[in-house]
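Commentary on secondary and tertiary structure
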Amino acid sequence: MAREFTREEKLIIAAEKVRRKEEEEKRKEKEYYERITNGTPWLLFKLVAGFCTLMMILTTIDVLVDGETKKLTENEWKIDRQLYAIGYQSVKVEGYLFVPPLRNWLGHIDDSFEITYSPIFRTGKWLSYDQEVGESHVIRQETIRVRSIFTWFPYLQIVMLIPLLTVIFKAQKPMFNFARVASLILILPGIILVTVLTLL
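Note that the structure is a prediction, hence the values are computed from the model and not measured.

1. Considerations on the pairing of strand 7 (residues 137-144)
- Where strand 6 (residues 124-133) meets strand 7, eight bridges bridge the pair, whose relative direction is antiparallel. When the sheet's bridge partners are listed, Gln 131 is paired in strand 7 with Ile 139.
- Taken together, strand 6 and the strand that follows it, strand 7, pair antiparallel across an intervening segment of three residues, in which Gly 134 is found at a positive phi of about 80°.

This is the structure:
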């Protein structure tokens, strides 16, 4: 006949099962961490981090440094009446959208328009033109291109930095795994999409 276990013995057995289960979970977690931070998966992730870092540097240069400026004829820019923005005027130049406030638009001089490009991606960045204020006073107005890397600075660059920080501060923690997965599923496709939209 099997011996009855006392309450204390049952508690000891239960505690031992819990301890073994925790050790097994830690072992599996460590194996998973070793697997994702070694070999081909980690090399691919480092390539993703390298690409994101490179794009962060290039887009930062594009935002902070101006490239070539080109004088526009009156046929090279047009008012886009399809986009209705209260208090703003929508202007299209070479497919790029600029939205100067009406207070900076009223009195614009048609033959004074210039577009400034970014130095690396060679995409439209600034629209500048003269505005007549009063009888004989003219001021130069500038407006940055909307819906682009230029208006998303520095938030976009901070997001692009996450994969590099994940590589530098890798640790067997839930935040590391979250940042790694987010980099692959959200950040990399997002950067590719933003780059394509910027170049269009």
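2. Comments concerning the sheet that holds strand 3 (residues 91-93)
- Spatial ordering of the open sheet is given by 2-3-4, a layout of three strands whose pairing is antiparallel. In this open sheet, the two edge strands, each paired with only one partner strand, are strand 2 (77-79) and strand 4 (96-98). Strand-to-strand, the axes of this sheet are offset by a mean angle of 25°, without reference to chain direction.
- As judged from the three bridges shared by strand 2 and strand 3, these two strands associate in the antiparallel manner.

3. A word on the sheet that holds strand 1 (residues 69-71)
- Taken in spatial order, the four strands of this open sheet run 1-5-6-7, and their pairing is antiparallel. On the outer flanks of this sheet lie strand 1 and strand 7, each paired with one strand and no other. Direction aside, neighbouring strands of the sheet carry axes that sit 25° apart on average.

4. Some details on the pairing of strand 6
- Here four bridges tie strand 5 (residues 114-117) to strand 6, and the two strands are oriented antiparallel to one another. Bridging across to strand 6, Tyr 117 finds its partner in Gly 124.

5. Overview of the side chain of Thr 37
- Turning to its location among the elements, Thr 37 is positioned in the loop between helix 1 (7-36) and helix 2 (39-64).
- Every residue in contact with Thr 37, bar those within four places of it in the chain, is listed here: Trp 42, Lys 170 and Phe 176.

6. Considering the environment of Arg 81
- Along the chain, Arg 81 turns up in the loop between strand 2 and strand 3.
- In this structure the C-alpha to C-alpha distance between Arg 81 and Lys 92, which are 11 residues apart in sequence, comes to 9.9 Å.

7. Points about the packing of aromatic side chains
- Taken as a whole, this structure holds seven aromatic pairs when the rule is applied.
- Ring centres of Trp 42 and Phe 45 lie 5.5 Å apart, and the angle between their planes is 20°; this geometry places the pair in the stacked category. In this pair, Trp 42 and Phe 45 both sit in helix 2, three residues apart, roughly one turn of the helix.
- Both rings, one in Phe 113 and one in Tyr 129, keep their centres 5.1 Å apart while their planes meet at 20°; by these two values the pair is stacked. Residue Phe 113 is found in the loop between helix 3 (102-105) and strand 5, and its partner Tyr 129 is found in strand 6; the two are separated by 16 residues along the sequence.
- A network of ring pairs unites the aromatic residues Trp 77, Trp 105, Phe 113 and Tyr 129 as a single cluster.
- The aromatic ring of Tyr 117 is capped on one face by Arg 122, whose charged end is 4.9 Å from the ring centroid.

Parameters at a glance
- Residues numbered from 1 in each chain as written.
- Predicted model: local features only at pLDDT ≥ 70, side-chain atom pairs only at ≥ 80, totals over all residues.
- Heavy atoms only, no water.
- Pairing = 2+ DSSP bridges.
- Helix = DSSP H or I, 4+ residues; strand = E, 2+ residues; numbered from the N terminus.
- Axes fitted to C-alpha atoms, helices over the stretch in contact; angles between N-to-C directions.
- Contact = heavy atoms within 4.5 Å.
- Phe/Tyr/Trp six-rings, centres within 6.5 Å; stacked < 30°, edge-to-face > 60°.
- Lys NZ or Arg CZ within 6 Å of the ring centre and 35° of its normal.

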